[in-house]
Amino acid sequence: MLLTAPSGNLFGLSQNAGMGWEPQKLIGSEVLILSTHGGLRAPDGTPIALGFHTGHWELGALVAEAAITLKSLNAIPFAGACTDPCDGRTQGTTGMLDSLPFRNDAAIVLRRLMRSLPTRMGVIGIATCDKGLPAMMMALAAAGPYPTILVPGGVTLLPESGEDAGKVQTIGARYAQKQITLETAAEMGCRACATPGGGCQFLGTAATAQVIAEALGLALPHTALAPSGAPIWLDAARRSAAAILRLHQLQLGTRDILTQASVENAMVAHAAFGGSTNLLLHLPAIAYSAGLKRPVANDWAQINRTVPRLVDALPNGPRNFATVQVFLAGGLPEVMLHLRRAGLLNTKVKTVSGETLDTCLDWWESSPRRHALRKNLMTRDGIDPDDVIMDPDRARANGLTPTVCFPLGNLAPEGSVVKSTSIDPSVIGPDGIFHHLGPARVFVSEEAAIHAIKNGEIQQNDVVVLVCGGPAGAGMQEIYQITSALKWLPSGKHVALLTDARFSGVSTGACIGHISPEALAGGAIGKLLDGDQIEIIIDREKLTGSVNLVGDAREHFGPEEGTIRLNARRSRADLRPHPALPDDTRLWAALVQASGGVWGGCVYDVDAIISRLTSV
């Protein structure tokens, strides 16, 4: 080594010895463990300094388990972290202006950390929540010949008595509407996060991203949605540590796991679970990071038309089981057994277990683990696991329909997205069609919209139009504050929402987002006026939809005439970016616009950006 190794490698050994590693054991396989861990806990678990959210609060325990296992197998573990924010904490605040852009920044930092340990033989990523987990997967996806493995951070448990972490975020709106008392708000607020670690109890972005990690083959079978802090959760870290050493022995790199077929499997899993629409941003970004083709709206639409939804999870219903109950019912492997029988999966793909997906599913089907956990769900909660994860016939009989629809029309000429399963069933016609016609109530800021909702200014049949929420306006903010408040209005199910922003995975209602082009890019949505008549049609069976201007305050006309009038209008004079929009986010918006925009996954397409710059 003295004759051939770079000086950095040699000095690294000196530092390893200086940190206390036994000099006799310095030469071994080095594995980097990256996490999104945040906060600081005392040895007994009590807080010294809080993290941003429960999702990264307990991850240090997973890092420790993985590291101890690696050391016992004569490998040398390294640990680093890039912590992540909480979308729940930043709802309705200027912190949301950094939320989606953070994902790209974190992925860059994580990739730089990976490359900054040039002697690594592989990387274990540990992450849980909305932005840190997609960022971690983007980083791991770029590892190419190096083996990588993802350990999902799991979920928090439901309170024995109280509200879940989605419903509790509506206490302000419900109190303003005099639906709950101050005492109830205080009590529910303290109970919702029933255990100190893990992602939220609903199938939002965090839980969906964990499922996607496993569906891609990046995580070991049945590790997504495990209860944080439990022995079965810690075991995932130990098994992942052993698995990455096996991948090294088998010479299986990340590029052997992440293929176009595994991306398609992930899309199939997303449809079967009824996952968050935010994955329409994240999965293309992961694919791009791996050098693969990015799925587009037509790809998602086609898969959602052919893949049945099989999972009954909050917020899609009908019974709204918690994520940990989905885990006990069998999680992704159980869903994939049904999908394999239906011929909807490519089961020849490799996974980080070192085996094919076929082999993994064969193991799961006859495993004692499967039967013990499903029995546990029935014994402890009195829930039949086949009511949580269903076969296609049972799902159809229980009224489960596909999830994601992409409405077009003169207000969304480049597309939009709606989670059609989240629309209240009572406003769906017997033909499976949601039809809404009502006047626009236009708001250019989230603050103005939430003020109107809390003060009773939104009426039945109104169409709330929130503009300037796209990438250029507010970093494509997530507006769960708005969707959750509408849900608890007495007439909320009869109110629709249009926006160029995005939604939380737990959002419900007739909420149409990702509308493109965004208002500040000259989009039609930025030309709407109060009183304009808007027609929304969503066919939940055929997964088709439209959103059109069909009248103004004086007269009714058709979509074609609406297109003509919109083309003749100028954008509203009051359109503006959020006054606190950071320069960092402005730069992010410009770069992602040059890289394919929202429908391209909001990535940094380096070749496209350089081409734009050099052509000026």
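Everything numeric in this text was worked out from a predicted model, so none of it was measured.

1. A word on the overall build of the chain
Summing up its helical and strand segments, the chain has 26 helices and 14 strands in all. A compact globule built from 616 residues should have a C-alpha radius of gyration of about 25 Å, and the chain, at 24 Å, falls within 12% of that. Across its three principal axes, the chain shows a C-alpha extent of roughly 85 × 65 × 50 Å. Among the 616 residues that make up the chain, the fraction classed as buried is 59%. A sequence separation of at least 24 residues applies to 75% of the contacts in the chain between residues at least 6 apart.

2. Here's the deal with the nonpolar core
Generally speaking, nonpolar side chains in soluble globular proteins are found buried as a group. Ranked by internal contacts, the top residues of the largest apolar core, which has 116 residues, are Leu-70, Ile-124, Met-137, Leu-150 and Leu-216. Once you skip the residues sitting within four places of it in the chain, Leu-216 turns out to touch Met-137, Ile-257, Leu-258, Ser-262, Val-263, Ala-266, Leu-283 and Ile-286. Ranked by size, the runner-up nonpolar core spans 33 residues in total, among them Ala-496, Ile-536, Phe-557 and Leu-575.

3. Here we look at helix 3 (residues 59-72)
End to end, helix 3 covers 20 Å across 14 residues, agreeing with the expected 20 Å (1.5 Å per residue, within 8%). Contacts made by the buried residues of helix 3 are with strand 1 (30-35), helix 2 (54-57), strand 4 (76-81), strand 5 (120-127), strand 6 (148-152) and helix 10 (231-250). Just beyond helix 3, the residue with positive phi is Asn-74, at close to 65°.

4. Some details on the pattern of salt bridges
On inspection of all chains with the given rule, the structure shows 33 salt bridges. Among the ionic pairs, Asp-358 bridges to Arg-340, the shortest N-O distance being 2.7 Å. Within this pair, whereas Asp-358 is found in helix 17 (residues 357-366), its partner Arg-340 is found in helix 16 (residues 331-341), the two being separated by 18 residues in sequence. What makes Asp-358 buried here is its relative accessible area of 18%. A relative accessible area of 22% means that Arg-340 is categorised as partly exposed. Note that Arg-374 and Asp-386 form a salt bridge whose closest N and O atoms lie 2.8 Å from each other. Note that Arg-374 is positioned in helix 18 (residues 368-381) and Asp-386 in helix 19 (residues 385-388), a separation of 12 residues in sequence. For Asp-386, a relative accessible area of 27% gives the class partly exposed. One connected set of salt bridges, linked through shared partners, spans Arg-340, Arg-341, Lys-348, Asp-358, Asp-362 and Glu-365.

5. Quick notes on the environment of Gly-274
Considering the arrangement of structural elements, one finds Gly-274 in the loop between helix 12 (260-273) and helix 13 (279-289). On the basis of relative accessibility, which here comes to 0%, the residue Gly-274 falls in the buried class. Excluding anything up to four places from it in sequence, Gly-274 contacts Leu-203, Arg-309, Asn-316, Thr-403 and Lys-419.

6. Examining the packing of helix 9 (residues 205-215) against helix 16
Relative to each other, helix 9 and helix 16 sit at 60°, their axes nearing to 10 Å. One finds that helix 9 runs oblique with respect to helix 16. Regarding helix 9 and helix 16, the two cross each other, and that crossing is right-handed. Between helix 9 and helix 16, the residues in contact are Val-211, Glu-214 and Ala-215 and Leu-332, Pro-333 and Met-336, respectively. Of the residues in the contact of helix 9 with helix 16, the class split is 5 nonpolar, no polar and 1 charged.

7. Quick look at the packing of helix 5 (residues 99-115) against helix 25 (residues 583-593)
Look at helix 5 against helix 25: their axes get within 10 Å of each other, and the N-to-C directions meet at 75°. For the element pair helix 5 / helix 25, the angle class is roughly perpendicular. Note on element contacts: helix 25 touches helix 5 through Thr-585, Trp-588 and Val-592, opposite Leu-100, Pro-101 and Asn-104. The residue makeup of the contact of helix 5 with helix 25, split by class, is 4 nonpolar, 2 polar and no charged.

8. Quick look at the packing of aromatic side chains
Under the definition given, this model contains 2 aromatic pairs. In this arrangement the basic side chain of Lys-71 is found over the ring face of Trp-21, its NZ or CZ atom lying 4.8 Å from the centre. Lying across the ring of Tyr-146, Arg-120 places its NZ or CZ 4.1 Å from the centre.

9. What to know about the sheet that holds strand 11 (residues 496-499)
In space, the 8 strands of this open sheet follow the order 7-8-12-11-10-9-13-14, with mixed pairing throughout. Each edge of the sheet is formed by a strand with only one pairing partner; in this case those strands are strand 7 (404-405) and strand 14 (544-551). One ladder, built from 7 bridges, connects strand 13 (residues 533-539) with strand 14; its direction is antiparallel. Bridge pairing in strand 14 places Ile-538 opposite Gly-545. Running over the sheet, helix 23 (residues 480-487) touches strand 10 (463-466), strand 11 and strand 12 (510-513) and is turned about 170° from strand 11.

10. So, the side chain of Arg-309
Here Arg-309 shows up in the loop between helix 14 (297-306) and helix 15 (323-328). Nearest to the buried, unbridged Arg-309 among oppositely charged side chains is Asp-312, at 5.5 Å. Of note is the side chain of Arg-309, whose polar atom sits 3.1 Å from the backbone oxygen of Gly-317. Residues within four places of Arg-309 in sequence aside, it is in contact with Ala-271, Ala-272, Phe-273, Gly-274, Asn-316, Gly-317, Ala-395, Leu-400, Thr-401, Thr-403 and Thr-421.

11. Looking at the state of the cysteines
In protein chemistry, a disulfide is the covalent bond that joins the sulfur atoms of two cysteines. Applying the stated criterion across every chain, the model contains 0 disulfides. In this structure Cys-511 is not part of a disulfide, and its nearest cysteine sulfur, from Cys-405, lies 14 Å away. In this model Cys-602 remains outside any disulfide bridge; the closest cysteine sulfur is found in Cys-468, 17 Å from its own.

12. Some thoughts on the environment of Leu-62
As for its placement among the helices and strands, Leu-62 is situated in helix 3. The spacing of Leu-62 and Glu-446 is 384 residues in sequence and 38 Å in space, taken between C-alpha atoms. Look past the residues within four positions of Leu-62 in its chain and what remains in contact with it is Ile-126, Val-151, Pro-152, Gly-153, Trp-233, Leu-234 and Ala-237.

13. A word on unusual backbone geometry
Here the amide bond leading from Leu-314 into Pro-315 is cis, since omega sits at 10°, within 30 degrees of zero. For the peptide bond that leads from Ser-516 to Pro-517, omega is -5°, which places it in the cis range. Among the structural elements, Pro-517 can be located in the loop between strand 12 and strand 13. Of note, the phi angle at Leu-225 is positive, near 75°, even though the residue is not glycine. Mapped onto the elements of the fold, Leu-225 is located in the loop between helix 9 and helix 10. Classification of Leu-225 as buried rests on a relative accessible area of 1%. One non-glycine residue, Leu-543, lies in the positive phi region at around 55°. Locating Leu-543 in the fold gives a position in the loop between strand 13 and strand 14. Overall, the relative accessible area of 4% leaves Leu-543 in the buried class.

Rules used throughout
- Residues numbered from 1 in each chain as written.
- Predicted model: local features only at pLDDT ≥ 70, side-chain atom pairs only at ≥ 80, totals over all residues.
- Heavy atoms only, no water.
- Helix = DSSP H or I, 4+ residues; strand = E, 2+ residues; numbered from the N terminus.
- Rg over C-alpha atoms; globule rule 2.2 N^0.38 Å.
- Buried < 20%, exposed > 50% of the residue type's maximum accessible area, 1.4 Å probe, protein only.
- Contact = heavy atoms within 4.5 Å.
- Core = buried A, V, L, I, M, F, W, Y, C linked by side-chain atoms within 4.5 Å.
- Expected span 1.5 Å × (residues − 1).
- Salt bridge = Lys/Arg side-chain N within 4 Å of Asp/Glu carboxyl O.
- Axes fitted to C-alpha atoms, helices over the stretch in contact; angles between N-to-C directions.
- Parallel < 35°, antiparallel > 145°, perpendicular 65-115°, else oblique.
- Left-handed = near helix turned anticlockwise from the far one by under 90°.
- Nonpolar A, V, L, I, M, F, W, Y, C, P; charged D, E, K, R; others polar.
- Phe/Tyr/Trp six-rings, centres within 6.5 Å; stacked < 30°, edge-to-face > 60°.
- Lys NZ or Arg CZ within 6 Å of the ring centre and 35° of its normal.
- Pairing = 2+ DSSP bridges.
- Lys, Arg positive; Asp, Glu negative; His and termini not counted.
- Polar contact = N/O pair within 3.5 Å; in protein donor to acceptor, adjacent residues only side chain to side chain.
- Disulfide = S-S within 2.5 Å.

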